[in-house]
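Coordinate analysis (summary)
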Amino acid sequence: MGEATVKTLDSRMATPSPMVDDEADTESVHTGQIRRVPRSPRRPRIWFEILLIAVSYWTYSLIRNAVPEQRTQALRNADWIWEAEKTLGIAVEQSVNHAVNSVTWLIVSMNYYYATLHFVVTIGVLVWLYRGHPGRYAAARLVLFSTTGVALVGYYLYPLAPPRLMSGQHFIDTVLVHETWGSMASGNFKNMSNQYAAMPSMHIGWSLWCGLIICAVATAPWVRILGVLYPTLTLVVIVATANHFWLDAVGGMICLAFGFGVSYAWYRALPHRLPRLVPKDPNRPQRFRRLLPTRA
């Protein structure tokens, strides 16, 4: 009885532990270690983020389309890629392209997938991070921006025609054949986009960014499964629609690795290792909840 009374009094007199934002912070408090990073993430501001993303994408599109369309060199590079894949035994793009094109509803769905989800899912993941993981948002956004930035170098240095534009290889341009709306690569929109900026594939770079972020941050198993399926299905789509070679996807993965490297160098941690919520500024007055006495 006396021992129980002492424990109760100790619990009343003890100073409440500070609230922490996620499991990593909890572990740090329990072990007595405080993990510090050189660049502490700040709370993102919605108006700034919208403006930044809009200006960045406009700049990306402007630069991408300003790269000279070196048709001769792009076709020559496409022939080299195709022969290299034959040597490696992975040149199955044409078989996949013809097989999927024979199923009209499937290839039409893939055409719309290629034209829309590339943007919709990426923006959706950014919004999800902004709302639910603001402490990780800036680092993840830096990965995406760095990946996209280095891709522009690839478009300039290595012009590459997609398989659907190769001559004599009998690839099917599924957008033209099925008159699919929305693709910036074929049909009425082809003059608005650089046709020879296929290496690296940002459909893979962006979709793999989405998948890795979802798998690393999400807690629900079914959400993580979607994170795995999205870049996998995207890889099938870019090949089936004859918009990319397998090796274009490898280029997108290399660019993404570069993006993660830039983010790690800046924050000294991968995005999912940062606190879920933005650390509070010690210089700002904080509001504390009134602590009610614990009943015995």
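Because the structure is a prediction, the values reported are computed rather than measured.

Focus: empty space enclosed by the protein
- Under the criterion given, the structure shown has one cavity of 30 Å³ or more.
- The computed volume of the largest cavity comes to approximately 40 Å³.
- If you trace the largest cavity, you find it lined by Y113, Y114, L117, H118, H203, S207, Y230, T234, V237 and I238.
- Elements represented by at least two residues in the lining of the largest cavity include exactly α6 (104-132), α9 (202-217) and α10 (221-240).
- Residue composition of the lining of the largest cavity, by class: six nonpolar, four polar and no charged.

A look at the nonpolar core
- V125, L129, Y155, M202, W209 and I213 are the most contacted members of the largest nonpolar core, which has 35 residues in total.
- Elements that contribute at least two residues to this core include exactly α6, α7 (134-157), α9, α10 and α11 (246-267).
- The leading source of residues in this core is α9, at eight residues.
- Once residues within four sequence positions are removed from consideration, L129 is found in contact with P134, Y137, A140, W209 and I213.
- Residues A78, Y196, A242 and F245 belong to the second largest nonpolar core, which totals 14 residues.

Topic: the environment of T104
- Inspection of the secondary structure puts T104 in helix α6.
- Taking C-alpha positions, T104 is 8.0 Å from H178, a pair spaced 74 residues apart along the chain.

A word on unusual backbone geometry
- Note that the residue after M199, namely P200, is joined by a cis bond; omega there is 5 degrees.
- Its place among the elements puts P200 in the loop between α8 (174-178) and α9.
- Despite not being glycine, E179 shows a phi value in the positive range, around 50 degrees.
- Considering the arrangement of structural elements, one finds E179 in the loop between α8 and α9.
- E179 sits in the exposed class, given a relative accessible area of 70%.
- Its identity is not glycine, yet A242 carries a phi of approximately 60 degrees, on the positive side.
- Structurally, A242 is set in the loop between α10 and α11.
- Exposure remark for A242: the relative accessible area of 0% places this residue in the buried category.

Brief notes about α10
- Taking 1.5 Å as the rise per residue, α10 with 20 residues should run 28 Å; its terminal C-alpha atoms sit 29 Å apart, in good agreement.
- Within α10 the residues assigned to the buried category are G227, Y230, P231, T234, V237, I238, V239 and A240.
- One or two residues past the end of α10 sits A242, with phi positive at roughly 60 degrees.

Some words on the pattern of salt bridges
- By the definition in use, this model includes two salt bridges.
- A salt bridge links E83 to K86, with the shortest nitrogen-to-oxygen separation between them at 3.7 Å. Separated by three residues within a single helix, E83 and K86 lie in helix α4 (residues 71-88), roughly one turn from each other.
- Given a relative accessible area of 43%, K86 falls into the partly exposed group.
- Measuring nitrogen to oxygen at the nearest pair gives 3.6 Å for the salt bridge that ties D173 to R164. This pair shows no difference in class: D173 is buried, exactly as R164 is.

Parameters and conventions
- For every chain, the first residue of the written sequence is number 1, and numbering continues from 1 onward in sequence order.
- Note on the predicted model: pLDDT of at least 70 is required for a residue's local features to be given, and 80 or more for side-chain atom pairs to be given and counted; whole-chain, interface and lining totals, by contrast, use all residues.
- Just so you know, side-chain values use all the structure's heavy atoms and leave hydrogens and water out.
- In this analysis, the protein atoms alone were mapped onto a 1 Å grid. Cavities are point sets where a 1.4 Å probe fits without being able to get out; pockets are open sets with protein on both sides within 12 Å along at least five of seven lines; lining residues have an atom within 4 Å of a point.
- Grid points are joined across faces, edges and corners, and a volume is the space filled by probe spheres set on the points.
- Secondary structure is summarised from DSSP: a helix means a run of H or I of at least four residues, a strand means a run of E of at least two, and numbering begins at the N terminus for each.
- Three categories are distinguished: nonpolar for Ala, Val, Leu, Ile, Met, Phe, Trp, Tyr, Cys and Pro, charged for Asp, Glu, Lys and Arg, and polar for the others, with Gly belonging to the last.
- We define a nonpolar core as any set of buried Ala, Val, Leu, Ile, Met, Phe, Trp, Tyr and Cys residues linked to one another through side-chain atoms lying within 4.5 Å.
- Buried, partly exposed and exposed residues are distinguished by accessible area as a fraction of the type maximum, computed with a 1.4 Å probe on protein chains only: under 20%, between the cut-offs, and over 50%, respectively.
- What makes two residues a contact is simply this: any of their non-hydrogen atoms within 4.5 Å.
- By this rule, a helix spans an expected 1.5 Å times one less than how many residues it contains.
- A pairing counts as a salt bridge when a side-chain nitrogen of Lys or Arg comes within 4 Å of a carboxyl oxygen of Asp or Glu.

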